[in-house]
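# Chains, contacts and geometry: an overview
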Amino acid sequence: MSRLIVVSNRLPFALDLTSEDLWTVTPAAGGLVSAIEPVLRERGGTWIGWPGVAGEIPRTPLEKATRGAGYAVVPVSLSKAERDEFYYGYSNEVIWPLFHDLQNFCHFEPAFWETYKTVNERYADAIARHCQLGDFIWVHDYHLMYVAQALRARRVHAALTFFLHIPFPPFDIFAKLPQQQRLLRALLEFDLLGFQTRRDLRNFLQCVRRVLSDAEVLPSAGIQRIHYGGREIRASRFPIGIDFESFEKGAVSEEVAQRTRKLRAAFPGCQLMLGADRLDYSKGIPERLRAFRDALERHRELRGRVVLIQNVVPSRVEIPRYHEFKDRIDRLVGDINGRFSTDTWLPVHYRFRSLNRDDLLAHYRACEIALVTPLKDGMNLVAKEYCACSVDKNDGVLILSQFAGAAEQLKPGAVLVNPYDVEQVADTILKVFRMSAAERSARMKRMRRVVRDENVFWWVDSFLKAGSQLTIRSARIASRRQAKITR
Ligand code: GDG
């Protein structure tokens, strides 16, 4: 079995210097970490990434953070200017909004691209220093799309694989990117490219066809093949999953059961509806709040009988747009509670912080309805985690955005909505509020089956299977090359 080298922008924790000159270690929240951590913990390997602190990386806190992890950690450092232009700039003010179809939110600053390349080169250096013949090198996500090109320039000929966690946009939107050609050429330096859904794979292939006249997409039923620069690149869909068993086990634990009972008891006679997201404009939080407001306005039977628990995990607050976005959420929550609350009922319970795992699981288990309504999402793991934790008679109902990658797998059980259609979402809230226990259970059973079968280990196995032949082949070629040189 090859050694697994995972490369992602962030490590699974963040180091932070407090005002008292003390270092704190916070587990990173977010989909990528939730998915990769259990895999590396189980099979070992190396994780290369940035520990979230600009400037020099403090050795002792880093060692403390990684002790007992079950895998090796290789930190990559970023200066403040690099963090601003690579992470906040190109990654999160160009690629993130564009790939979520929100081109008006993009800040196309040419200097961002230069820093993006420089930082990708630093990751490439870290990989080149740590990888050995036969390693399975797996680069993750939109921050590191230039890494393979940087590695090829460093004469690394190993097989390189890449997975995109966010959506890939359709050509009409991708074409707005000033570096569209350079980015696609860089991506085609990988040997295997993985996407979340059929939609993303189709968009990517369409962009390759339209933007690169020297690339050829071969018609194929399974894994797609692209001929480019005398090489063959493979691309396919690998929908990411969750560690189903650990969520289900966690949800039935005594600790979580107790918190679940407490949460339910706090809202007698009400159905609980959950929103749990990172602070991000792609997650559709204001649209969801407007839909809830509309539901309370038009459907009086919901008043006093439904509560929306909206938890938002702070994220990227240094970017002004995220700050403004949080203000919008605060105002909407204030408006709804100001208009509809009574002496005994508050319609929205809103928190702006990260829940600990047991609390998060208790929320999943306690809430009869989950509102997962991103404007666009690569997958959305919250939707899957909610299903895994719906352990009481399969009684949870999932209202899911048709634009979340998860909709492709969960559509037989979820109630799909267009998150932009406030009235439709409002009517759907009423519909699921009235939904019979039998229908809820039948829908949830279907979803739980998919989430259980297509879990995170299945995802990793299918990706590794698709990539391992390439790794073995390139290791053989490299050792032949080495033998020739020594002869
Ligand atoms: C990216 C893509 C894709 C949420 N609230 C709390 C908390 N969470 C955890 C959830 C979940 C994760 O955060 C969020 O994952 P998502 O998948 O929903 O979203 P992104 O962070 O945007 O992830 C996404 C994913 O990568 C994986 O490929 O699905 O489309 O955008 O795991 O559990 N965790 C804790 N407290 C909270 O309050 N501890």
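Residues numbered from 1 in each chain as written. Predicted model: local features only at pLDDT ≥ 70, side-chain atom pairs only at ≥ 80, totals over all residues. Heavy atoms only, no water.

## Observations regarding the overall build of the protein
Defined as follows: Put simply, DSSP H or I for four residues or longer makes a helix, DSSP E for two residues or longer makes a strand, and each gets a number counted from the N terminus. Radius of gyration means the value over C-alpha atoms here, while the globule rule gives 2.2 Å times the residue count to the 0.38 power. Buried residues are those whose accessible area, probed at 1.4 Å on protein chains only, stays under 20% of the maximum for their type, while exposed residues exceed 50% and partly exposed ones sit between those limits.
When helices and strands are tallied, the protein shows 18 helices and 17 strands. A compact globule built from 487 residues would reach a C-alpha radius of gyration of about 23 Å, and the protein, at 23 Å, matches this within 12%. Overall, the C-alpha framework of the protein stretches about 85 × 55 × 45 Å when taken along its three principal axes. When the 487 residues of the protein are sorted by exposure, 57% land in the buried category.

## Comments concerning the site of the ligand
What counts, and what does not: Working definition: residue near molecule or strand if any one of its non-hydrogen atoms lies within 4 Å of it. Here a polar contact is taken to be a pair of N or O atoms separated by no more than 3.5 Å, where protein atoms must pair a possible hydrogen donor with a possible acceptor and residues adjacent in sequence count only if both atoms sit in side chains. Residue burial considers only the protein chains on display, and all accessible areas are found by Shrake-Rupley using a 1.4 Å probe.
In the vicinity of the ligand, 23 residues are found, and the nearest of them are Ser-34, His-165, Leu-355, Asp-377 and Glu-385. One of the side-chain N or O atoms of His-165 is found 2.6 Å from an oxygen atom in the ligand. Between an oxygen atom of the ligand and a main-chain N or O atom of Asn-380, the distance comes to 2.9 Å. Alone, the ligand offers 730 Å² of accessible surface; in the complex the protein occludes 92% of this. Within the residue set of the shell around the ligand, elements represented by two or more residues are helix 1 (31-43), strand 13 (306-313), helix 13 (357-366) and helix 14 (381-388).

## Quick word on the sheet that holds strand 5 (residues 72-75)
Cut-off, in case you're wondering: Two strands qualify as a pair provided DSSP detects at least 2 bridges between them. Axis angles are defined between N-to-C directions and span 0 to 180 degrees, where every axis is a line fitted to C-alpha atoms and, for a helix, only to the segment in contact.
Taken in spatial order, the nine strands line up as 5-4-1-6-7-8-11-10-9 in an open sheet, and their pairing is mixed. Lying at the two open borders of the sheet, with one neighbouring strand each, are strand 5 and strand 9 (216-218). Pairs of neighbouring strands in the sheet enclose a mean axial angle of 20°, with direction left out of account. Of the pairings in the sheet, the one linking strand 9 to strand 10 (residues 224-228) comprises three bridges and is antiparallel in character. Residue pairing for strand 10: Leu-218 is matched across the bridge by Arg-225.

## Remarks on a positive patch on the surface
For clarity, the cut-off: Patch definition: residues with relative accessible area over 30% and no salt bridge; like charges joined within 9 Å; nonpolar side chains (Val, Leu, Ile, Met, Phe, Trp, Tyr) joined within 5 Å. Salt-bridge detection follows one rule: a side-chain nitrogen of Lys or Arg within 4 Å of a carboxyl oxygen of Asp or Glu. Two residue types count as positive, namely Lys and Arg, and two as negative, namely Asp and Glu; His and chain ends fall outside the count. To locate a charge, take NZ of a lysine, CZ of an arginine, CG of an aspartate or CD of a glutamate.
Side chains of Lys-445, Arg-446, Arg-449 and Arg-452 sit close together on the surface and give a patch of like positive charge. Exposure remark for Arg-449: the relative accessible area of 47% places this residue in the partly exposed category.

## Observations regarding the domain arrangement of the protein
Convention followed: Throughout, the edges of the domains are those of an automatic or database domain assignment. For this analysis, residues touch if any pair of their heavy atoms sits within 4.5 Å. The buried area of a pairing is the accessible area, by a 1.4 Å probe, that goes missing from both parts when the two are put together, added over both. Throughout this entry, Asp, Glu, Lys and Arg are counted as charged residues, while Ala, Val, Leu, Ile, Met, Phe, Trp, Tyr, Cys and Pro are counted as nonpolar. The remaining residues, Gly among them, count as polar.
Assigned domains of the protein: these are domain 1 (4-240 + 458-486) and domain 2 (251-453). For domain 1 versus domain 2, the separation of C-alpha centres amounts to 31 Å. Listed by partner, the interface residues are 30 residues for domain 1 and 23 residues for domain 2. At the boundary of domain 1 with domain 2, total buried surface from both sides reaches about 2100 Å², with 58% on carbon and sulfur atoms. It is Tyr-88, Trp-96 and Phe-105 that lose the most area in domain 1 upon contact with domain 2, and together they represent 26% of the buried surface on that side. The interface formed by domain 1 and domain 2 holds three salt bridges in total. At the junction of domain 1 and domain 2, the tally comes to seven residue pairs in polar contact (both at pLDDT 80 or more). Elements supplying a minimum of two residues to the side of domain 1 that touches domain 2: helix 1, helix 3 (80-99) and helix 8 (198-211). With six residues, helix 3 is the largest single contributor of residues to the side of domain 1 that touches domain 2. Grouping the amino acids of the side of domain 1 that touches domain 2 by side-chain chemistry returns 15 nonpolar, nine polar and six charged.

## Points about the packing of helix 11 (residues 285-298) against helix 12 (residues 320-340)
A packed helix pair is summarised by two numbers, namely the angle formed by the two axes and the spacing between the axes. Short version of the rule: With respect to orientation, any angle under 35 degrees is reported as roughly parallel, any angle over 145 as roughly antiparallel, any angle of 65 to 115 as roughly perpendicular, and every other angle as oblique.
In the contact formed by helix 11 and helix 12, the axes pass within 9 Å of each other and the chain directions differ by 10°. With respect to helix 12, the axis of helix 11 lies roughly parallel. For the pair helix 11 and helix 12, contact is made by Ile-285, Pro-286, Leu-289, Arg-290, Arg-293, Leu-296 and Glu-297 and by Phe-325, Arg-328, Ile-329, Leu-332, Val-333, Asp-335, Ile-336, Arg-339 and Phe-340, respectively.

## Section: the packing of helix 9 (residues 244-252) against helix 13
Remark: helix 9 packs on helix 13, axes separated minimally by 9 Å, with the N-to-C direction vectors making an angle of 85°. It follows from the interaxial angle that helix 9 and helix 13 lie roughly perpendicular. Across the interface between the two elements, Ser-246, Phe-247, Gly-250, Ala-251 and Val-252 of helix 9 pack against Arg-357, Leu-361, Tyr-364 and Arg-365 of helix 13. Split into classes, the residues belonging to the contact of helix 9 with helix 13 amount to five nonpolar, two polar and two charged.

## Things to note about unusual backbone geometry
A positive phi angle, near 80°, is found at Asp-141, a position not held by glycine. Even without being a glycine, Asn-380 presents a positive backbone phi close to 90°. For Asn-380, a relative accessible area of 7% translates into the label buried.

## Regarding helix 9
The criterion, for reference: This arc is taken over the directions from the axis of the helix to the C-beta atoms.
Where helix 9 is concerned, the buried positions are Phe-244, Phe-247, Gly-250 and Ala-251. Buried residues of helix 9, viewed axially, fall in a sector of 140°; they line one side. Across helix 9 from its buried face, at more than 90 degrees, point the exposed residues Glu-245 and Lys-249. Summarising the contacts, the buried residues of helix 9 are in contact with helix 10 (254-265), helix 13, helix 14 and helix 17 (437-453).

## Considering the nonpolar core
Note the following rule: Residues belong to one nonpolar core when they are buried, are Ala, Val, Leu, Ile, Met, Phe, Trp, Tyr or Cys, and are joined through side-chain atoms within 4.5 Å.
Counting residues in each nonpolar core, the largest one holds 173 residues, and the members touching the most others are Phe-204 and Leu-398. Among the elements that take part in this core, helix 3 stands out by supplying nine residues, more than any other. A domain split of this core shows at least three residues from each of domain 1 (4-240 + 458-486) and domain 2 (251-453). When residues no more than four places from it in sequence are discounted, the contact partners of Leu-398 are Ala-370, Val-372, Ala-383, Tyr-386, Cys-387, Leu-410, Ala-414, Val-415 and Met-447.

## Considerations on the pattern of salt bridges
The tally for this structure, following the rule as stated, stands at 33 salt bridges. Linking Glu-232 and Arg-225 is a salt bridge whose minimum nitrogen-to-oxygen distance equals 3.4 Å. For the salt bridge of Arg-278 with Asp-280, the shortest nitrogen-to-oxygen distance reads 3.6 Å. Neither residue differs from the other here; Arg-278 and Asp-280 are each classed as buried. One network of salt bridges, with partners in common, ties together Arg-152, Glu-189, Asp-191 and Arg-231.

## Overview of the sheet that holds strand 12 (residues 271-278)
Here six strands make up an open sheet; going across it, the order is 14-13-12-15-16-17 and the pairing parallel. The open sheet terminates on both sides in strands that have one partner only, identified here as strand 14 (348-352) and strand 17 (415-417). When strand polarity is set aside, the average angle formed by the axes of neighbouring strands in this sheet is 20°. Pairing geometry for strand 13 and strand 14, over five bridges, is parallel. Its bridge partner being in strand 14, Ile-309 is matched across the sheet by His-349. On the sheet, helix 16 (residues 422-433) packs against strand 12, strand 13, strand 15 (369-372), strand 16 (397-401) and strand 17 and is oriented at approximately 165° with respect to strand 17.

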